Amino acid sequence: MHNYSNLRICCAFAVCILLWEGCKKVENPPVPVVDPVLISLSLTVDAPQVKATDNSFEEGDQIGLYVSYDGELKSQGNYSDNRKYTFKSGVWTSESDLFWKDQESAADFYCYYPYSAPGNPLEYAFSVSANQSDLHSYKAADLLWGKCVGAVPSGGQVKIVTSHLMSNLLVYLKPGKGFTEEEFAAANKQLTVGNVKTDAVVNLSVGGISALGQPGTVTPYRDGDCYRLLLPPQEVAADADLLAVTVGESIYTAKKEFSFQKGTRHKLTVTVDKTQSSLDIAIEEWKIDETDHTATVN
């Protein structure tokens with residue numbers, strides 16, 4: 001009888017131990033190991049427009065990237081603030097890997113090109129060079145911006161379509177009355193655009209841009225027969241000198257109301273008449289991208 005009692009006690013003790021171990025497993029389940037998901041990017045330039053001089057991004061191009069999980073871009077304290085990415089061998093890479101916060105939460109991505117130090121991305125002070133006669137200065141003025149809202153973690157790339165924030169002016173000079181084709185082609189020619197602002201403030205949250213500062217004179221980049229210029233969107237008053245064209249020793253100027261539109265390429269053909277000392281420009285309503293507009297300068 002004594003042995004039977006001991007057996008019952010041992011059995012009860014064993015059952016208690018098993019129940020306790022079972023409770024431990026229920027209360028403290030093992031934590032699964034979750035590998036972090038790397039953020040990778042795919043950037044394109046909004047069609048039909050391309051970069052100012054290229055069809056796509058080039059080797060060595062750099063962008064700044066902001067990532068937010070708060071539903072908005074903040075002036076600071078975002079999940080990622082102005083992280084530099086460089087285009088290498090067809091891939092956007094950063095100096096250190098950037099991972100999603102978790103495997104479920106959606107995030108918003110904001111980027112701009114070329115890379116700089118905005119400080120406050122909601123009030124980014126951006127300037128273009130007043131002398132864009134060299135290719136480097138001209139290309140540096142081509143500010144691109146893009147965002148992707150509500151992207152979720154996956155093994156794929158975050159696709160961001162960038163668009164132009166600047167206005168692109170293309171000017172073509174043609175010989176008018178008093179010039180032969182040969183004389184005009186051989187003459188030393190210069191073009192400047194006057195009464196335009198080169199400073200701007202940019203909101204990288206929405207891609208908003210406003211021209212600032214005092215207007216001045218800008219020298220465009222000459223690409224064969226085309227003079228190219230990038231400026232912040234702005235208005236030029238009707239009583240302001242817009243163009244100054246030098247042909248040989250003669251200078252021709254024109255006053256003209258003009259609207260530089262965001263993300264728009266304006267084409268202007270200017271005919272120079274040798275018989276007059278001023279410019280008279282008639283310009284149709286501007287159209288986006290490749291529409292050509294004619295003008296006559298006297």
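Calculation criteria
Each chain has its residues counted from 1, running along the sequence as written. Predicted model: local features are reported for residues with pLDDT of at least 70 only, side-chain atom pairs are reported and counted for 80 or more only, and whole-chain, interface and lining totals are derived from all residues. Values reported for side chains reflect all heavy atoms of the structure, with hydrogen atoms and water molecules removed beforehand. Numbering of helices and strands starts at the N terminus; helices are DSSP runs of H or I of at least 4 residues and strands are runs of E of at least 2. Buried means the residue's accessible area, taken with a 1.4 Å probe over protein chains only, is under 20% of the maximum for its type, while exposed means over 50%, and partly exposed covers the values in between. Note on definitions: a residue-residue contact is assigned when non-hydrogen atoms from the two residues lie within 4.5 Å. Here the Shrake-Rupley method, with its probe set to 1.4 Å, supplies the accessible areas, and only the displayed protein chains count as covering residues. Two strands form a pair only when DSSP identifies at least two bridges running between them. Lines fitted to C-alpha atoms define the axes, with helix axes restricted to the stretch in contact, and inter-axis angles between N-to-C directions lie between 0 and 180 degrees. Working definition: rings of Phe, Tyr and Trp (its six-membered ring) pair if their centres are within 6.5 Å, and the pair is stacked with planes under 30 degrees apart, edge-to-face with planes over 60 apart, and tilted otherwise. Working rule: Lys NZ or Arg CZ, within 6 Å of ring centre, within 35 degrees of ring normal, means a charge sits over the ring. We define a nonpolar core as any set of buried Ala, Val, Leu, Ile, Met, Phe, Trp, Tyr and Cys residues linked to one another through side-chain atoms lying within 4.5 Å. pLDDT gives the predictor's per-residue confidence on a scale running from 0 to 100. Any Lys or Arg side-chain nitrogen located within 4 Å of an Asp or Glu carboxyl oxygen qualifies as a salt bridge.

### Comments concerning the overall build of the protein chain
Across its full length, the protein chain holds three helices and 22 strands. Going through the 298 residues of the protein chain one by one, you find that 42% of them count as buried. Partitioning the intrachain contacts of the protein chain with sequence separation of at least 6 by distance along the chain shows that 69% fall at a separation of at least 24. As displayed, the protein chain has an accessible area near 16000 Å², and 52% of this comes from carbon and sulfur atoms.

### Comments concerning the sheet that holds strand β18 (residues 250–255)
Strands in a sheet are paired, the pairing made by backbone hydrogen bonds, and the direction either parallel or antiparallel. Spatially, four strands are ordered β13-β10-β17-β18 in an open sheet, and the strand pairing comes out antiparallel. Looking at which strands have only one partner, the edges of the open sheet turn out to be β13 (216–218) and β18. Taken over all neighbouring pairs, the strand axes of this sheet differ in orientation by 20° on average, direction set aside. Two elements, strand β10 (residues 189–196) and strand β17 (residues 241–247), share five bridges in a ladder whose sense is antiparallel. Bridge pairing in β17 links K189 to V247.

### A closer look at the packing of aromatic side chains
Tallied over the full model, the rule gives eleven aromatic pairs. On the basis of an interplanar angle of 85° and a centroid distance of 5.0 Å, the ring pair of Y69 and Y79 is categorised as edge-to-face. With a gap of ten residues between them, Y69 in the loop between β2 (62–68) and β3 (80–88) and Y79 in the loop between β2 and β3 connect regions that are remote in the sequence. What makes Y69 buried here is its relative accessible area of 16%. Their ring planes at 15° and their centres at 6.5 Å tell us that Y112 and Y115 sit as a pair that is stacked. Classification of Y112 by relative accessible area gives buried; the value is 1%. Aromatic rings pair up to connect F57, F87, W92 and Y113 into one cluster. Stacked on the ring of F184, the Lys or Arg K189 has its end atom at 4.8 Å from the ring centre. The lysine or arginine in question, K274, covers the ring of F179, its NZ or CZ lying 5.4 Å from the ring centre.

### Structural notes on the sheet that holds strand β11 (residues 199–203)
Taking strand neighbours across the sheet as the criterion, the three strands line up as β6-β11-β12 in an open arrangement whose pairing is antiparallel. Each edge of the sheet is formed by a strand with only one pairing partner; in this case those strands are β6 (124–127) and β12 (208–212). Strand-to-strand, the axes of this sheet are offset by a mean angle of 30°, without reference to chain direction. As defined by bridge partners, β11 adjoins β12 across five bridges and the pair is classed as antiparallel.

### Quick notes on the environment of P121
Summarising the element assignment, P121 is placed in the loop between β5 (107–113) and β6. On a C-alpha basis, the gap between P121 and N82 in space is 8.5 Å, while along the polypeptide they are 39 residues apart. Beyond its immediate sequence surroundings of up to four residues, P121 is in contact with Y66, L73, K74, S75, V202, N203 and L204.

### Looking at the pairing of β11
Residues of β11 alternate between two faces, with A200 and V202 buried on one and D199, V201 and N203 left unburied on the opposite face. With four bridges joining them, β6 and β11 adopt antiparallel strand pairing. If you follow F126 over to β11, its bridge partner there is A200. The loop that links β11 with its antiparallel partner β12 comprises four residues; one of these, G207, has a positive phi angle of about 80°.

### Quick word on the nonpolar core
Among the nonpolar cores identified, the biggest contains 44 residues, and V171, V193, V202, L204 and F260 are the most heavily contacted of them. Beyond its immediate stretch of four places on either side in the chain, F260 contacts S167, L169, V193, V196, L231, P232, P233, Q234, V236, L242 and H266. With 24 residues, the next largest nonpolar core counts I39, I63, C111 and A151 among its residues.

### A word on unusual backbone geometry
Cis geometry is adopted by the peptide bond preceding P114, which originates at Y113 and carries an omega value of 0°. Tracing the sequence through the fold places P114 in the loop between β5 and β6. Although it is not a glycine, S89 sits at a positive phi angle of roughly 50°. Take S89: it is sitting in the loop between β3 and β4 (91–94). On the basis of relative accessible area, S89 is assigned to the exposed category, the value being 67%.

### Quick notes on the confidence of the model for the protein chain
With 79% of its residues at a pLDDT of 70 or more, the protein chain shows a mean pLDDT of 84. Here residues 9–20 is modelled with pLDDT under 50, and outside its nearest four sequence neighbours on either side it reaches zero contacts, counting other chains as well. Across residues 291–298, where pLDDT falls below 50, the model places 42 contacts with residues more than four positions away in sequence or in other chains.

### Quick notes on the pattern of salt bridges
Scanning the entire structure with this criterion turns up five salt bridges. Residues E183 and K274 are paired through a salt bridge, measuring 2.8 Å at the closest nitrogen-oxygen approach. Separated by 91 residues along the polypeptide, E183 in helix α3 (residues 181–186) and K274 in the loop between β20 (265–272) and β21 (279–280) bring together distant segments of the chain. The class of E183 is partly exposed, set by a relative accessible area of 33%. Taking the relative accessible area as the measure of exposure, K274 reaches 41% and is therefore partly exposed.

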